[in-house]
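# Results of the structural survey
Below, each chain spelled out in residue letters.
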Amino acid sequence: MNRQSWPEIVKEDTKSMPNSGAGGSLEVKDRAMALTAGQREKVQKKATEAGMDLDLTDQHWELIEFALGYYRRHGTMCNLRTLIRESGYEKKAVYRLFPGNPIRRICALTGLPMPPEC
């Protein structure tokens with residue numbers, strides 16, 4: 001995947017991704033991609049600037065990092081059904097964490113493109 005296809009949140013750190021041959025700050029664990037503290041600050045700042053009333057908890061970060069990991073593996077953002085099925089979160093929990101349209105909110109926070117079917 002080329003550098004331009006990555007959202008702004010992670011673009012500057014893709015050189016340290018495990019696939020690039022350099023060890024570094026982006027660590028892939030199972031099916032998620034861990035964000036650095038700086039990247040998390042950028043996401044939190046985006047949430048505040050967008051007027052999203054979200055205090056991002058560990059559960060929020062798990063879903064955000066799952067979405068980034070999915071994008072890394074497949075080159076597209078997952079749809080809601082896939083997010084629920086593969087993340088292990090129940091539908092109600094996903095909507096509680098990201099009210100309204102969870103996929104749209106995750107995409108807005110991370111800079112990932114909306115899935116084609118949305």
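Here helix α3 (residues 58–74) spans 24 Å end to end across 17 residues, near enough to the 24 Å set by a 1.5 Å rise per residue. A large share of α3 lies buried, amounting to twelve of its 17 residues. For α3, the set of buried residues is His-60, Trp-61, Leu-63, Ile-64, Glu-65, Phe-66, Ala-67, Leu-68, Gly-69, Tyr-70, Tyr-71 and Arg-72. Gly-75 lies just past α3 and shows a positive phi near 75°.

Next up on the list: the pattern of salt bridges. Oppositely charged side chains can form a pair if their charged atoms are brought close together. Scanning the model with the defined rule gives three salt bridges in all. With a closest N to O distance of 3.0 Å, Arg-40 and Glu-65 form a salt bridge. Taken together, the positions of Arg-40 in helix α2 (residues 37–49) and Glu-65 in helix α3 put the pair 25 residues apart, joining distant regions of the chain. Take Arg-40: its relative accessible area is 25%, and that puts it in the partly exposed class. Its salt-bridge partner being Glu-49, residue Lys-45 comes within 3.9 Å of it at the nearest N-O pair. Taken together, the positions of Lys-45 and Glu-49, both in helix α2 and four residues apart, correspond to about one turn of that helix. In this pair, the class of Lys-45 matches that of Glu-49, namely exposed.

Cut-offs applied
Residues numbered from 1 in each chain as written. Predicted model: local features only at pLDDT ≥ 70, side-chain atom pairs only at ≥ 80, totals over all residues. Heavy atoms only, no water. Helix = DSSP H or I, 4+ residues; strand = E, 2+ residues; numbered from the N terminus. Expected span 1.5 Å × (residues − 1). Buried < 20%, exposed > 50% of the residue type's maximum accessible area, 1.4 Å probe, protein only. Salt bridge = Lys/Arg side-chain N within 4 Å of Asp/Glu carboxyl O.

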